[in-house]
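Close look at the chain arrangement
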Amino acid sequence: MQKVSTKHLHPGMVLARNIFSTDGILLLSADTVLNSTQIERLQHFNLPSVYIRNPLTDQLTDKDMLDTIPEVVREETRVQAVQVVQTAFQNFSANHRLESQPFKDTAEFLMKEVIENPGAMVHLTDIRTCDGYTFGHSVNVCVLSTLTGIQLGYNRFQLKELSLGALLHDAGKMLIPKEILTKAGPLTVSERKSMEQHPTLGFDLLRRQRDIPLVSAHVAFQHHEKFNGTGYTRGLKGVHIHEYARIVAIADVYDAITSDRPYKEGSLPHQAYEVMLSLANTHFDPIILRTFLNQIAIYPVGSIVRLTTGEIAVVTKVIPGLQTRPALKVIFDASGSKLENGPEIDLAQQLTIFIDKVFTAAEVVKISLGNMYFNQSLRQAQ
Ligand SMILES: [Fe+2]
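What counts as what
- Residues numbered from 1 in each chain as written.
- Predicted model: local features only at pLDDT ≥ 70, side-chain atom pairs only at ≥ 80, totals over all residues.
- Heavy atoms only, no water.
- Helix = DSSP H or I, 4+ residues; strand = E, 2+ residues; numbered from the N terminus.
- Buried < 20%, exposed > 50% of the residue type's maximum accessible area, 1.4 Å probe, protein only.
- Contact = heavy atoms within 4.5 Å.
- Areas by Shrake-Rupley, 256 points an atom, 1.4 Å probe, with all protein chains shown as cover.
- Pairing = 2+ DSSP bridges.
- Axes fitted to C-alpha atoms, helices over the stretch in contact; angles between N-to-C directions.
- Donors = N, O, S within 2.8 Å, 3.2 Å for Na, K, Ca; no water.
- Tetrahedral: all angles 85-135°; square planar, octahedral: opposite > 155°, others 65-115°.
- pLDDT = per-residue confidence, 0-100.
- Expected span 1.5 Å × (residues − 1).
- Polar contact = N/O pair within 3.5 Å; in protein donor to acceptor, adjacent residues only side chain to side chain.
- Salt bridge = Lys/Arg side-chain N within 4 Å of Asp/Glu carboxyl O.
- Phe/Tyr/Trp six-rings, centres within 6.5 Å; stacked < 30°, edge-to-face > 60°.
- Parallel < 35°, antiparallel > 145°, perpendicular 65-115°, else oblique.
- Left-handed = near helix turned anticlockwise from the far one by under 90°.
- Nonpolar A, V, L, I, M, F, W, Y, C, P; charged D, E, K, R; others polar.

What follows covers the overall build of the protein chain. When its secondary structure is counted, the protein chain shows 15 helices and nine strands. Within the protein chain, the fraction of its 382 residues that count as buried is 53%. Long-range pairs, those at least 24 residues apart, make up 65% of the contacts in the protein chain with a sequence separation of at least 6. Here the protein chain displays about 17,100 Å² of accessible surface, and carbon together with sulfur accounts for 52% of that area.

So this is what it looks like as structure tokens:
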């Protein structure tokens with residue numbers, strides 16, 4: 001399975017996962033062999049990327065394992081959560097009254113599902129809906145924050161406060177003018193000032209809701225504070241920033257870096273990992289950051305990598321705490337010949353072999369274009 005930008009789709013590629021519209025309607029189901037009309041439609045919907053069956057790994061004996069990458073939260077749950085959040089935000093825009101209950105219910109069912117999957121790692125974060133970045137982002141930040149809270153030993157009560165605060169962290173953005181929110185280019189000084197009001201606006205909105213804990217409102221208020229005191233809104237520093245807000249700040253930036261947008265492909269997890277590490281102590285609480293990064297698959301299962309031996313391999317297994325040393329299966333030898341049943345390499349055992357390069361989705365598509373499997377699917381589609 002491979003995440004591919006809709007810009008790089010070709011007829012004959014086979015969808016590996018369902019695609020939903022933002023209101024939860026199934027647009028295309030897994031196993032659809034894409035034709036050019038469907039690809040144009042996906043591009044028209046502004047969907048940044050989709051998951052396709054990976055021709056390079058299709059002939060592996062453990063293909064089934066690769067196709068069932070464990071997820072922290074089921075796809076249906078994510079889609080349902082995005083839908084509820086979107087409707088609730090739209091209702092607010094229409095009648096300026098915030099209904100807390102849908103957010104509380106969503107935070108609770110996301111939290112329950114995260115709790116049910118102890119030890120799960122984050123392989124995929126994006127939700128394959130059209131045009132749903134803002135809502136998908138809120139749901140992702142909620143899932144990532146809740147996972148971190150569990151790792152920090154939070155009890156259910158604390159997790160509830162944290163996940164609700166995370167889900168609503170950007171609630172203040174509903175009160176920012178649309179033209180600023182959706183502006184594609186850089187913001188002017190006054191637009192930026194207005195944008196930076198969203199934590200305060202969110203706090204003012206949420207603290208008036210009797211059934212939202214004040215501490216969850218503080219997450220919205222403090223999520224742009226930085227650990228060294230250079231953030232906004234109040235320039236709070238270190239432990240003066242509430243721990244929940246320190247968690248949400250990390251989840252917020254990680255999801256923003258790794259998400260695909262119509263105008264920009266997201267960073268790969270190993271790139272995001274390094275960016276996040278470089279911000280320890282300045283932007284982020286280093287201890288919470290370490291906890292957060294421990295649950296992220298730096299080389300998610302299904303990644304195609306080149307090794308220092310010159311071989312090209314696919315990641316087959318990731319172990320928490322050992323994410324830089326995954327298990328792999330070689331698919332091309334060092335001379336570039338495709339192997340039907342290449343050797344398995346466990347980097348946790350083979351300490352002299354390193355990952356030299358991770359192929360981007362576009363590069364994998366390029367390599368795959370000459371692959372027999374892909375040509376076969378192309379013929380089927382015609
Ligand atoms: Fe924000």
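What follows continues from the structure just given.
The next thing to look at is the sheet that holds strand β6 (residues 312-317). Through backbone hydrogen bonds, the strands of a sheet pair up, either in parallel or in antiparallel fashion. What the five strands build is an open sheet, ordered β8-β7-β6-β5-β9; its pairing is antiparallel. Edge strands, defined here as strands with exactly one partner in the open sheet, are β8 (344-346) and β9 (355-358). For this sheet, the mean angle separating the axes of adjacent strands, direction not counted, is 40 degrees. Alignment of strand β5 (residues 304-307) against β6, held across three bridges, turns out to be antiparallel.

Linking β5 to β6, which pair antiparallel, is a turn of four residues; within it G310 sits at a positive phi near 95 degrees. Bridge analysis of β5 against β9 gives three bridges, and the strand direction is antiparallel. Of the residues in β9, the one forming a bridge with V305 is V358.

What follows covers the coordination of the iron ion. Binding of the iron ion to the protein goes through D170 (OD), H198 (NE2), H223 (NE2) and H224 (NE2), at separations of 2.2 to 2.3 Å. Viewed at the metal, the four donor atoms of the iron ion are separated by angles of 84 to 167 degrees, and the geometry they form is irregular. Here the donor residues for the iron ion map to a single chain with the spacing D-x27-H-x24-H-H. Pair noted here: D170 is in the loop between α6 (156-167) and α7 (178-181) and H223 is in the loop between α10 (214-222) and α11 (243-258), with a separation of 53 residues, a long-range link. Judged on exposure class, the residue D170 and its partner H223 are both buried.

Here the protein chain averages 84 in pLDDT, while 86% of its residues score no lower than 70. Here residues 127-131 scores under 50 on pLDDT; set against residues more than four positions off or in separate chains, the count is 27 contacts. Every residue in residues 372-382 scores below 50 in pLDDT, and together they form 22 contacts with partners more than four places removed in sequence or on other chains.

With 12 residues, α6 ought to run about 16 Å at 1.5 Å a step, and its terminal C-alpha atoms sit 16 Å apart, in line with that. Taken together, the buried positions of α6 are L159, E161, L162, S163, L164, G165, A166 and L167. Two or three places before F157, at the start of α6, stands the capping residue N155, its side-chain oxygen 3.1 Å from that residue's backbone nitrogen.

Before going further, it helps to spend a moment on the pattern of salt bridges. Taken as a whole and assessed by the stated rule, the structure comprises nine salt bridges. Put simply, E191 and K183 hold a salt bridge, and the shortest N to O gap is 2.8 Å. The residue R207 makes a salt bridge to D204 at a minimum N-O spacing of 3.1 Å. Of this pair, R207 and D204 both sit in helix α9 (residues 198-207), separated by three residues, roughly a single helical turn. D204 sits in the partly exposed class, given a relative accessible area of 24%. Where salt bridges share partners, they join E108, K112 and K160 into one cluster.

A separate point is the packing of aromatic side chains. Within the structure shown, the criterion is met by four aromatic pairs. When the ring of F89 is compared with that of F103, the centres are 5.0 Å apart and the planes differ by 55 degrees; the resulting orientation is tilted. Of this pair, F89 sits in helix α3 (residues 75-95) while F103 sits in helix α4 (residues 100-116), and the two are 14 residues apart along the sequence. Exposure remark for F89: the relative accessible area of 7% places this residue in the buried category.

The next point concerns the packing of α11 against helix α12 (residues 269-278). The contact between α11 and α12 brings their axes to 10 Å, and the two run at 140 degrees. The angle between α11 and α12 places the two elements in the oblique class. As for the relative orientation of α11 and α12, their crossing is right-handed in sense. On α12, the residues that touch I250, V253, Y254, I257 and T258 of α11 are P269, A272, V275 and M276. Class assignment for the residues of the contact of α11 with α12 results in eight nonpolar, one polar and no charged.

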